[in-house]
Amino acid sequence: MRMFATIAKLLVKRVLTAIPILLIVSALLFCILRILPVDPAAMSLPPNATVQEVEAMRAEMGLNLPLYQQYGIWLNKLFHGDIGRSIHFRQDVTSLIGSTLPATIELAVIAMGVATVFGLAGGLFLFYVRGTRAEAAMDFLSILLLSLPEFLWSLFLLLIFGVFFEVLPFTGRLSPGFERPVVTGFLLLDSLITGKIPTFLNALEHMILPCLALGIALSPSLMRVLRSSLLDAYQDDYIQQARLRGLSEKRILIRHGLKNAILPTLSLMGVQFGFLFGGTLLVEIIYSYPGMGNLMVDAIRNADLPIIQGAGLTYCIAVLVISIVVDSLYLILNPKLRVR
Amino acid sequence: MAIPSANNPILSAKNLCVESLGGKESFPVLTDLNFSLEPGKILGLVGESGAGKSMIGRTISQYLPNGFSVTKGTLAFDGEDLVTMAAERRRNLLGRDIAFIPQEPLSGLNPVLTVGQQMKEHLLRIGLAAGENWRERALKEFEAVHLPHGAALLEKYPHQLSGGMCQRILIAMAFASRPRLLIADEPTTALDVTIQARIVKLIAEMQKRDGTAVIFITHDLRLASQISDEIMVLYAGRPAERGPAKQLFSAPAHPYTRCLQLANPNISGPRRGLFILPERMPGLRVLKELKGCRFASRCPNAIEACTETEPPLADIGPNHIAACIRTEKTPDIVPPPLAPGREIASTRIHLNGEKLTKAYTTAWSPFAKRSAFKAVNSVDFTLGEGEFVGIVGESGSGKSSLARLVVGLDTPTDGRITLAGRDVTANGRSEKAYRRQYIQMVFQDPQSALNPRRRIGSIVTQANEASGLHTGARERMDRAAELLKEIGLPPDAAMRFPSQLSGGQKQRVNIARALCTLPRILVADEIVSGLDVSVQAQLLDLLLKLRDEHGFSMLFISHDLSVVRYLCDRVLVMYRGEVVENGETETVFADPRHPYTRSLLAAVPPDDVNTEWSPVAAEAGYQIE
Amino acid sequence: MRPLPLWLKSGRVQTGLVIIFILAVCAIFAPYLAPNDPNEQNLLSILTPPIWADGGDAMFPLGTDSLGRCVLSRLIFGARVALTVAFSASIGAMIIGAFFAHVAGYFGGWVDWLIGRVVEIWLSFPPVILSLILMVGLGTGLRNVVLAIVLVDWTRFCRVLRSEVIVLRRRDYVSAAQLVGFSHWRTITREILPGTLPLLITLMSLEMGVAIIVEAILSFVGMSVGSETAAWGQMIADARQNIYDAPFNLIAPIFAIFFAVFGFNILGDGLRRTLDTRLTQTERT
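Residues numbered from 1 in each chain as written. Chains lettered and ligands numbered in written order. Predicted model: local features only at pLDDT ≥ 70, side-chain atom pairs only at ≥ 80, totals over all residues. Heavy atoms only, no water.

Our next topic: helix α14 (residues 429-438) of chain B. All names here are of chain B. Those residues of α14 that sit buried are Glu-431, Tyr-434 and Arg-435. Looking straight down α14, one finds that the buried residues subtend no more than 100 degrees of arc, so they occupy a single side. Residues of α14 that are buried in the fold lie against α13 (399-407), β16 (414-419), β17 (422-423) and β18 (439-442). (Buried < 20%, exposed > 50% of the residue type's maximum accessible area, 1.4 Å probe, protein only. Helix = DSSP H or I, 4+ residues; strand = E, 2+ residues; numbered from the N terminus. Arc of directions from axis to C-beta. Contact = heavy atoms within 4.5 Å.)

Here it is in structure tokens:
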């Protein structure tokens, strides 16, 4: 019970501190994009518009007001769920983000699972081979892996499994001919709900490469942190003391070593998983995956300000949500923070 | 008193040798260790750091550091050799028949598990009686070690408990299986003196209850002689002397034992001088080449024959053996006469603190209210010209915080400090500059006090680098050479880095830096704690010598009462941020008024082995924990 | 002759330095090393395979791209952009990050609080997204790429160094320096900075690898240097269009990026080990 109270307290505190962060971030986003050399008014008019028409449009869009007033208006609209209309797609930004965000979330969540599994297994393996000849080789290998970022992994896996062996699909989310069920917006979930197992399997097949690319790219740093935290934990007296009480090595590792070593690993995961959302952008482009990353890059190429602002803010919220989730987990696992 | 030897020993070592592998060579860590320990007896293992005393515990568990191995001999537990025993069999004995108590109680328990979870894990492993619930059993074991509120304790995490409580829990765990052998490796070093006394008494009590044989490892000969039946003094990996505790302590046969005893200041009776053992124990590399007695280079009684062959352990009394060929000369070793008390030049008060208070607050944040904790509470003190004033107290008593106020590292929240007639309470730029001419500080931990990336010569003359004092490189080198000479380091030390010095040498450098600008007042915070007795004696001697030369006064902070008694003219006793007693050292120690001072004094093991040590009784009037 | 310093004896450091040296030679002497002009289009020989494959042309050892440009020459010239960005961005990020880290860690209090909150805001953005948005605001060009990376990555230095400064700040030798009358500036530069330097150098080395990746990402989406300058990310983007016809065109720049990043990472790891810096959790975030 007391644990729930402390976690609730943390959640409230974190959400409260997230609000000023989001306000500042939105202001920064607004300002950075206002210093752009492009004129949003001119862009939303046909190229043959007259100067008067542009001026009228500027007035209508509020562009001749002082910057802080513009920001106030923008923020006010934001509170009412209106981020504006895309200049390029001529659609509400909210609905554009709403239709692409679930795909990105699915990708990110599965990739996190992959990264966790690979990271923990690899970390345990690295720890297991400590002091042996294999250690140096494994350590070297982990640095090799560390040098391949997710976007190189994406291309690499695409070349091997998509182009050379042609065993896995690498464009989009579904092969042509499959119909997309829409219930929640999450494709995997929706195809299961509607009972379309072939669609589900096809979608899953499409996710293997992007998720592997993201997950594998993230795992080496987790491996290395877990390994070094385990090594640190094993320097501590309580491990030696557990040995002197005659506990088995296996029990010491699981109950005493891992339980302590998981804490630093977890705090790294908080940061890394936040950054993973940035990684999805590249992976989405490479695999033509219809998520927020593709939307964002399209917007950037077309200088589509409302989308850039909206998507930027969404990424920021995603990072904050993940860090709050990880912090709560950390709190559950670390009694030093939980009870005083 | 003869120890019956007919009994079957629970642990016996025969010609035990442990070596460490460094590169391609191997070095002797323990050499020809022979002893046997009967059930129900306590063997005290005494020696300075590097003597190899902790290696014995590690050899018993066979969890030796990397590169260490037993190269010769046997170590038998109940007749079975622990070294050659199958690992699984040995692991079975650990925790059940052989138990350990660690040096650092706080880190000996897993921080993410509750005391209950760890207790349960251990109790289930050693096995419960039929129908017995682990919780009831745990509470029973807690009761046996006098831990109150056992049920609540089970829910606690280690970080919520004090060091003394953690050590009690570890003792409860160790004795839960009624072990036949217990190894206690410096179990009280990390604890405050008053707690230390209680823990030692508790181990003795539990040992008596179960008839457990105990190996009690300590650097403190006085403490070992109080608790042990038999004592073995180790020097550089080899036993120097072994014998019944009382006999060994009252009439040591080996010169090293005698020197060790005389290097430690006494707590009762008239003050005597300290015997200064020169230099330090030979390192592993030197030992390997050494032909004669290991102690010969430092021994006051050494003759040429000592450097030729290693002396055997010879009988010198019932059950008493020593590795020395001139044991009859050992009683001739006497401490030098006590330096005559220095005449205090004038009574003009140098430093004066009035109602000094320091409250520490939590980290700055615009939202949270900063909570305050009074580390120093309304303390009055004076320090006269040439005077040495000791401040004693346990951890958390505020003595270090007081030091920081005096030197100006912190600004008092309340009260007044005057220095040589000027009010320096405000601690602004000009006060700091003024204070700098008069006061310098010697820090506690030489590891942290010396910048590892500076050379010694640059550290000791650091003051010359400060603004307004710029001097040329030549002058600095000369000053460094002078300072090194004064503190007894070779001139070539100036070019070395701190990591190339021993603990005692680092502390000398630490003192030299403070002396560079010839301050009138030194503030020394626990500068001899954690050092070996022989090194401690060297440093105390150095401080007195320097006082004679430069005539500074000193605030000497320490938890060690015998050191304060040796060095200081007056003493302040601090408890929870307040001064509870204040007076001439001799008066306070002979006739303590405050119950806390009494319990502090009672916690020190007496100099005379025949005096009853009753720390717990004296404490009854003042609850510490 | 004086013996090599410990850090230079490490095989990892040596490997890293050799790789960086090779890249630096490529970058500096690119006009002499490259067989062709990297921007010269040979529309008669587009997408030729590398020299060892069937139909390879000795004029283009690694083949040509879809516009008939020499892949090898573009790789060699691409090293210029990569290394320029790696060195200038990491130095810039280091200076800003280290400055704020030392100020925050040394003075503590509200300064530390404020800097901590700024870093927190920065970290609420995935770095790739933030650098993309900055590039939108700043416009393309080499100088802006460097600026964007500096503005994004100074927090890496700040965060890690700050905790190190706090550890060193508590050392008694810092108090001792204050007691003999060192000014704050002198205490930081003489007592604290030498202690954080190994960590700083290690982080720099890792940051160079990160900068190369970020530049490649930016040029991959066309938000880095203009198309007239050869960059590895651009080569990847071009080659992706012809993935079936000329997979080698894709493999070559991937390998180049990997090679460079590996060089900086292995150097960083070697330095971390030999300079004895503790870099556990935040190693490469």
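Before going further, it helps to spend a moment on the sheet that holds β17(B). Residue and element names in this part refer to chain B. Strand order in the open sheet made by the four strands is β14-β13-β16-β17, with antiparallel pairing throughout. At either margin of the open sheet sits one strand with a lone partner, and together these are β14 (372-384) and β17. With five bridges joining them, strand β13 (residues 349-361) and β16 adopt antiparallel strand pairing. Across the sheet, Asn-352 pairs through a bridge with Thr-418, a residue of β16. Relative to the sheet, α13 contacts β13, β14 and β16, its axis offset from that of β14 by approximately 60 degrees. (Pairing = 2+ DSSP bridges. Axes fitted to C-alpha atoms, helices over the stretch in contact; angles between N-to-C directions.)

Next up on the list: the domain arrangement of chain B. Domain parsing of chain B yields domain 1 (111-176) and domain 2 (381-454 + 498-591). One C-alpha centre belongs to domain 1 of chain B, the other to domain 2 of chain B, and the line joining them spans 41 Å. (Domains from an automatic or database assignment.)

Residues and elements named next belong to chain C. Contact geometry of helix α10 (residues 232-240) with helix α11 (residues 247-274) gives a least axis separation of 8 Å together with a crossing angle of 155 degrees. By the angle between their directions, the pair α10 and α11 is classed as roughly antiparallel. Along this stretch, α10 crosses α11, giving a crossing that reads as left-handed. For the pair α10 and α11, contact is made by Trp-232, Met-235, Ile-236 and Ala-239 and by Asn-249, Leu-250, Pro-253, Ile-254, Ala-256, Ile-257 and Ala-260, respectively. When the residues that make up the contact of α10 with α11 are grouped by side-chain class, the tally is 10 nonpolar, one polar and no charged. (Parallel < 35°, antiparallel > 145°, perpendicular 65-115°, else oblique. Left-handed = near helix turned anticlockwise from the far one by under 90°. Nonpolar A, V, L, I, M, F, W, Y, C, P; charged D, E, K, R; others polar.)

A word on the side chain of B:Ser562. Residues and elements named next belong to chain B. Within the element layout of this structure, Ser-562 appears in helix α20 (residues 561-567). For Ser-562, the side chain forms a polar contact with the side chain of Arg-222, separated by 3.4 Å. A polar atom in the side chain of Ser-562 sits 2.8 Å from the side chain of Asp-560. Leave out the neighbours within four places in its chain, and Ser-562 touches Arg-222, Pro-265, Asn-266 and Ile-267. (Polar contact = N/O pair within 3.5 Å; in protein donor to acceptor, adjacent residues only side chain to side chain.)

For the coordinates displayed, the defined rule picks out 57 salt bridges over all chains. Measuring nitrogen to oxygen at the nearest pair gives 3.8 Å for the salt bridge that ties B:Arg565 to B:Glu586. On the criterion of sequence distance, the pair formed by B:Arg565 in helix α20 and B:Glu586 in helix α21 (residues 585-590) is long-range, its members being 21 residues apart. With relative accessibility at 3%, the residue B:Arg565 sits in the buried group. As a salt-bridge pair, C:Asp269 and C:Arg12 come within 2.8 Å of each other at their nearest N and O atoms. (Salt bridge = Lys/Arg side-chain N within 4 Å of Asp/Glu carboxyl O.)

We now examine the interface of chain C and chain A. Contacts between the two partners involve 45 residues from chain C and, on the opposite side, 54 residues from chain A. Broken down residue by residue, the surface that chain C buries against chain A is led by C:Ile121, C:Ile133 and C:Val136, which jointly contribute 12%. Where chain C packs against chain A, one counts three salt bridges. Here C:Arg12 and A:Asp139 are joined by a salt bridge, their closest N and O atoms 3.2 Å apart. At the junction of chain C and chain A, the tally comes to six residue pairs in polar contact (both at pLDDT 80 or more). Top contributing element to the side of chain C that touches chain A by residue count: α11(C), with 13 residues. (Buried area = accessible area lost by both parts, 1.4 Å probe.)

The subject of this paragraph is unusual backbone geometry. Residue and element names in this part refer to chain B. A positive phi angle is found at Glu-186, which is not glycine, with a value near 45 degrees. Among the structural elements, Glu-186 can be located in the loop between β7 (181-185) and α8 (193-210). Non-glycine residue Ala-420 carries a positive phi angle of around 45 degrees. Assignment of secondary structure puts Ala-420 in the loop between β16 and β17. Given a relative accessible area of 22%, Ala-420 falls into the partly exposed group.

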